[in-house]
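Examining the three-dimensional arrangement
Each chain, written out:
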Amino acid sequence: MRTSQRRKELFSYALILPGILLLLVVVFLPFLQNIYYSFTDYSLLKVEESFVGSENYRNILKGDEFFGALGKSLVYVAIVIVLIGIIGIGAAFIQNSKSIRGVTVLQIFLLLPWVMPEVITGYTWKLLLNYQTGPYYRLLEKLHLIARGEDIFANAFLALMAVAMANVWRGFPVVAITVYAKLQTLQREQVEAAIIDGAGRFQVFRFIEVPHIAGTVASVLTLCFIWTFNAFGLVNVMTGGGPAGATETLPVFLQKKAFKFFDYSGASAFAVLMILVLLLVVLLAYGVPALCRKKKEN
């Protein structure tokens, strides 16, 4: 009996072994190689690289390029995450409403922006906001939100908002579908009991629905933060980091440093610092609430 069970366990491990090896080759080994390059002076402009220790990191932290790009990235991500959260949660509650018909059709249309390739989304929004032929541009003009004839992508603030809104349009469906799925697990008896006890719609939302979806919202918004922080294609297609570096987020600057200036070692150090920033944000997002809960329990 033990032999049979042991064989089943070994067979299970054998099934997942190819996937583990693929991850090691495709993800883990390049990641380690990137860390190694960050401690060298590796460049396409040099024949051989040499070990330079932490020099790349010191140069980055002494300059203002990293912190400038980091600041732009954080502002951009903050705008996107706030809007994705508001619109996505709102769309989830609309789907969950009993008075809405054709929810399945609505969900299909909701998923279209998410499944569309990032580059296509970028080119589409760039055409829609073109100051000569874009229909969205004409609408913004009629609403007096922009000056007539002003090129959105030549204005630092407007260019940042354009890229952010394109990312919001692409990203909010994943929040909407995920939160809707969580709302479906809420027991109707609990809501009905609260209504019988005299709770209004806002009270049901605040004291029952919000606590029920809070963990799911935190998880999906953390994923959206990571995806948005690492997003390159959308920003590169729409603005290329312009105008005058106004939308040059960390991924865009990293790409230029590696493939325009051929500074692979410096770009590798930038990539490592980006990972550290993401780790810090995730730890704060999950560690601080956990500590607060422990203090309340004690």
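Attention here is on the structure that accompanies the text. Note that the coordinates shown come from a computational prediction; the quantities given were computed from them, not determined experimentally. (Residues numbered from 1 in each chain as written. Predicted model: local features only at pLDDT ≥ 70, side-chain atom pairs only at ≥ 80, totals over all residues. Heavy atoms only, no water.)

Describing the overall build of the protein chain
The condition that has to hold: Numbering goes from the N terminus for both helices and strands, where a helix is a DSSP run of H or I of at least four residues and a strand is a run of E of at least two. Whether a residue is buried, partly exposed or exposed follows from its accessible area with a 1.4 Å probe, protein chains only, as a fraction of its type maximum: under 20%, in between, or over 50%, in that order. Surface exposure here means Shrake-Rupley accessible area, sampled with a 1.4 Å probe, where a residue is shielded only by the protein chains that are shown. Counted as positive: Lys and Arg. Counted as negative: Asp and Glu, with His and the chain ends omitted from the count. For the purpose of locating charges, the reference atoms are NZ of Lys, CZ of Arg, CG of Asp and CD of Glu.
Scanning the protein chain from N- to C-terminus turns up 12 helices and zero strands. C-alpha extents for the protein chain along the principal axes are approximately 80 × 75 × 40 Å. Of all 298 residues assigned to the protein chain, the portion counted as buried reaches 37%. With the model as given, the accessible surface of the protein chain reaches about 18300 Å², and the carbon-plus-sulfur share is 67%. In the protein chain, 26 side chains carry a positive charge and 18 a negative one; their mean positions are 8 Å apart.

Examining the nonpolar core
Formally: What is meant by a nonpolar core is a set of buried Ala, Val, Leu, Ile, Met, Phe, Trp, Tyr and Cys residues, joined one to another through side-chain atoms within 4.5 Å. Contacts between residues were defined by any pair of non-hydrogen atoms, one from each residue, lying within 4.5 Å.
Core analysis: the biggest nonpolar cluster contains 56 residues, and Phe66, Tyr76, Val175, Phe229, Met238 and Leu250 have the highest contact counts within it. Those elements that provide at least two residues to this core are helix H2 (55-62), helix H3 (65-96), helix H7 (156-183), helix H9 (201-229), helix H10 (233-238), helix H11 (250-259) and helix H12 (264-297). A per-element tally of this core places H7 first, with 12 residues. Phenylalanine 66 has contacts with Ile60, Leu250, Phe270, Leu273 and Val277, leaving out every residue within four places of it along the chain.

Thoughts on unusual backbone geometry
The amide bond that connects glycine 242 to the next residue, proline 243, takes the cis arrangement and shows omega of 0°. For histidine 144, which is not glycine, the phi torsion reads 60° and is therefore positive. The topology assignment puts histidine 144 in the loop between helix H6 (135-142) and H7. One non-glycine residue, phenylalanine 262, lies in the positive phi region at around 60°.

Topic: the side chain of serine 73
Residue position: serine 73 is located in helix H3. For serine 73, the contacting residues outside a window of four places in its chain are Phe229, Thr249, Leu250 and Pro251.

Considering the packing of helix H5 (residues 118-128) against H6
In plain terms, the rule: To define axes, lines are fitted to C-alpha atoms, for helices over the stretch in contact only, and angles between the resulting N-to-C directions are given on a 0 to 180 degree scale. For classification, angles of less than 35 degrees are called roughly parallel, those exceeding 145 degrees roughly antiparallel, those between 65 and 115 degrees roughly perpendicular, and all remaining angles oblique. Asp, Glu, Lys and Arg are counted as charged, while Ala, Val, Leu, Ile, Met, Phe, Trp, Tyr, Cys and Pro are counted as nonpolar; the rest, among them Gly, fall into the polar class.
Across the interface, H5 lies against H6 with an axial gap of 5 Å and an inter-helix angle of 45°. The pairing of H5 with H6 is recorded here as oblique in orientation. Facing H5, whose interface residues are Trp125, Leu127 and Leu128, H6 presents Pro135, Tyr136 and Tyr137. Classifying every residue of the contact of H5 with H6 gives six nonpolar, no polar and no charged.

Some thoughts on the packing of aromatic side chains
Condition: Stacked, tilted and edge-to-face are the three classes applied to pairs of Phe, Tyr and Trp rings, where Trp contributes its six-membered ring and a pair requires centres within 6.5 Å; stacked means planes under 30 degrees apart, edge-to-face means over 60, and tilted covers the rest. Only when the NZ atom of a Lys or the CZ atom of an Arg is both within 6 Å of the ring centre and within 35 degrees of the ring normal do we say a charge sits over the ring.
One pass over the structure, following the stated rule, counts 14 aromatic pairs. Plain terms: the ring middles of tyrosine 36 and tyrosine 37 are 5.8 Å apart, the flat faces sit at 45° to each other, and that makes the pair tilted. With relative accessibility at 43%, the residue tyrosine 36 sits in the partly exposed group. Pairing phenylalanine 259 with tyrosine 264 gives two aromatic rings, centres 6.0 Å apart and planes at 70°, and the pair type is edge-to-face. Residue class for phenylalanine 259 comes out exposed when judged on its relative accessible area of 55%. Taken together, the aromatic side chains of Tyr36, Tyr37, Tyr42, Phe259 and Tyr264 make up a single cluster linked through ring pairs. Sitting above the plane of the tryptophan 114 ring, arginine 170 keeps its charged end 5.5 Å from the centroid.

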